[in-house]
Amino acid sequence: MGTKRPHEPPKVDTPVQLGTLTDMAVPEYAVPKYVVPKYAVPKYKEPNINGDYFCQLHISVPRHFRTPKATPKTMTFIDKSQPLSDVKSPNRKPVPESDRKPKIVLDNPYLKQMQQRFAYVTILTPTVGTIVAIALLPILGMDLLTLGLFISFYLLTIVGIEVGYHRYFSHNSFRAHPAVKIALAICGSMAAQGPVIHWVSNHRRHHQYSDQPDDPHSPHLHPPATNLSEWIKSIWHGHIGWMFTSDVTNATLYSRDWLRDPLIARINQLYTVWIIVGLLLPSLIGGLVSMSWTGALQGFLWGGLVRIFGVHHAIWGVNSICHLWGAQPFKTKECSRNVGWLSLVTVGGSWHNNHHAFPNAAILQFYWWQVDLGGWLIHLLKRVGLVSSIKAPSADLLAAKTVLKTDSQ
Ligand SMILES: [Zn+2]
Ligand SMILES: [Zn+2]
């Protein structure tokens, strides 16, 4: 009675800081550091041959983080937080500093394949739909209802991306009423450019490494393009190609704030549902208003697929064109440009040099002639009390950063 069996691991009650645990049994992305408490008491802990400590923790993994390769409920970790002096084993090797830093991308072929498949479906389907819609124009024509559905759903979803995904979720450039937050996340998801947390992670990585090798979608390749075919390759990569080739950005590093928000995590998880809603709604409105199947088909094609095609290329144009050609009124570290002719269709997103100079600014209209529909909407929402704490650079800061004194660019 009370005697300890020889192979029983020693019980420990010292809390372990989860942020310092390195997973050894499952891929890194399956370690949901955000759903478990910051500290947890492991079941047991014992040194291995290298002097590292093994820990077993019982944690639950959210459904959208699980993979077919199974995520065990009990995971084994190496605890690298133990000070060397605590470890009795003489064989312990020091942990390199690089191993302690979280990686910017996930080394996970399964998730990369999923990202590629989603890219194929969400890029090819609207392209084919647009070709079909244009081919059917001589037969079905274009009425006011169809045009109205195209324009309204275009505005709704590009606002979801530019005002929601970009200015609110990526840059926290204003505070929003919960209803506005939910609406922006859903409208952005309907644009079929990826779930909100995935988009935010890629975009924050873009700002951290703008036009450097780790930028997910820079049109400036390394080494730089020197001939026409390399230029075409660069532009293709910045516009579309990156979605097929880039590694999956580590959301636990870039979007921890939104992963911790249960509502946004849920909207993120239901991404495909919002895309379907975005296709069904215009079909339903088109069919019911015209009381015809043709109206439903026109609504599906123009309010759904052609609209997705248009929003896709407008936003991708910001990634490609706005890092290549246009005015640079502000001195920034990367190649961002202001492209005035794109400002209407991007609801202000193409004032991209303004944006890189002041990433947290909610309004990108720094001069009266810089039309920023997204900014106007934010002003309007502020007026009715749904938005507050709009971030904006001071006049002094604007003047200090300006290098190009012009009234027309
Ligand atoms: Zn940029
Ligand atoms: Zn940005």
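Calculation rules
Residues numbered from 1 in each chain as written. Chains lettered and ligands numbered in written order. Predicted model: local features only at pLDDT ≥ 70, side-chain atom pairs only at ≥ 80, totals over all residues. Helix = DSSP H or I, 4+ residues; strand = E, 2+ residues; numbered from the N terminus. Buried ≥ 20, exposed ≤ 12 C-beta atoms within 10 Å, placed from the backbone. Contact = placed C-beta atoms within 7 Å. Expected span 1.5 Å × (residues − 1). Axes fitted to C-alpha atoms, helices over the stretch in contact; angles between N-to-C directions. Left-handed = near helix turned anticlockwise from the far one by under 90°. pLDDT = per-residue confidence, 0-100. Core = buried A, V, L, I, M, F, W, Y, C linked by C-beta atoms within 7 Å.

**Brief notes about the overall build of the protein**
Move 1: Check the secondary structure of the protein and you find 14 helices and 10 strands.
Move 2: For the protein, the residues scored as buried account for 37% of the 409 residues in total.
Move 3: In the protein, the share of contacts with a sequence separation of at least 24, taken over all contacts with a separation of at least 6, comes to 69%.

**A closer look at helix H10 (residues 271-290)**
Move 1: Under the 1.5 Å per step criterion, the end-to-end length of H10 is 30 Å for 20 residues, consistent within 8% with the ideal 28 Å.
Move 2: Residues of H10 that are buried include every one of Tyr-271, Trp-274, Ile-275, Gly-278, Leu-279, Pro-282, Ser-283 and Gly-286, and no others.
Move 3: In this structure, the buried side of H10 is in contact with helix H3 (144-170), helix H4 (178-189), helix H9 (262-269) and helix H11 (293-320).
Move 4: Of the residues one or two after H10, Met-291 is the one with positive phi, at around 50 degrees.

**Thoughts on helix H5 (residues 196-208)**
Move 1: Taking 1.5 Å of rise per residue, 13 residues should cover 18 Å, and H5 covers 18 Å from first to last C-alpha, within 8% of that figure.
Move 2: When you tally the buried positions in H5, you get 10 out of 13 residues, the bulk of the element.
Move 3: For H5, the complete set of buried residues consists of Val-196, Ile-197, His-198, Trp-199, Val-200, Ser-201, Asn-202, His-203, Arg-205 and His-206.
Move 4: Check the buried side of H5 and you find it contacts H3, H4, strand S9 (248-249), helix H7 (251-254), helix H8 (256-259) and H9.

**A few points about the packing of H10 against H11**
Move 1: Where H10 contacts H11, the axes come no closer than 7 Å and their chain directions differ by 145 degrees. Relative to H11, H10 is oriented so that their crossing is right-handed. In contact with Gly-278, Leu-279, Pro-282, Ser-283, Ile-285, Gly-286, Gly-287, Val-289 and Ser-290 of H10, H11 contributes Trp-293, Gly-295, Ala-296, Gln-298, Gly-299, Phe-300, Gly-303 and Gly-304.

**Considerations on the confidence of the model for the protein**
Move 1: Of the residues in the protein, 74% have a pLDDT of 70 or more, and the chain-wide mean is 80.
Move 2: Between residues 1-62, whose pLDDT stays under 50, and residues either more than four places distant or in other chains, the model counts 118 contacts.
Move 3: Predicted confidence for residues 405-409 stays below pLDDT 50, and this span has five contacts to residues more than four positions away or in other chains.

**As for the nonpolar core**
Move 1: Counting 64 residues, the largest nonpolar core has Ile-158, Ala-191, Val-196, Val-200, Trp-258, Val-306 and Val-311 as its most contacted members.
Move 2: Ignoring any residue separated from it by four or fewer positions in sequence, one finds Val-311 in contact with Tyr-154, Thr-157, Ile-158, Ile-161 and Ala-191.

**Section: unusual backbone geometry**
Move 1: Although it is not a glycine, Ala-192 adopts a positive phi angle of roughly 60 degrees.
Move 2: Taking the C-beta count within 10 Å as the criterion, Ala-192 has 26 such neighbours and is therefore assigned buried.
Move 3: If you check the backbone angles, Met-291 has positive phi at about 50 degrees while not being a glycine.
Move 4: With respect to the secondary-structure elements, Met-291 resides in the loop between H10 and H11.

**Some thoughts on the environment of Lys-181**
Move 1: Summarising the element assignment, Lys-181 is placed in helix H4.
Move 2: Separated by 205 residues in the primary sequence, Lys-181 and Leu-386 have C-alpha atoms spaced 9.7 Å apart.

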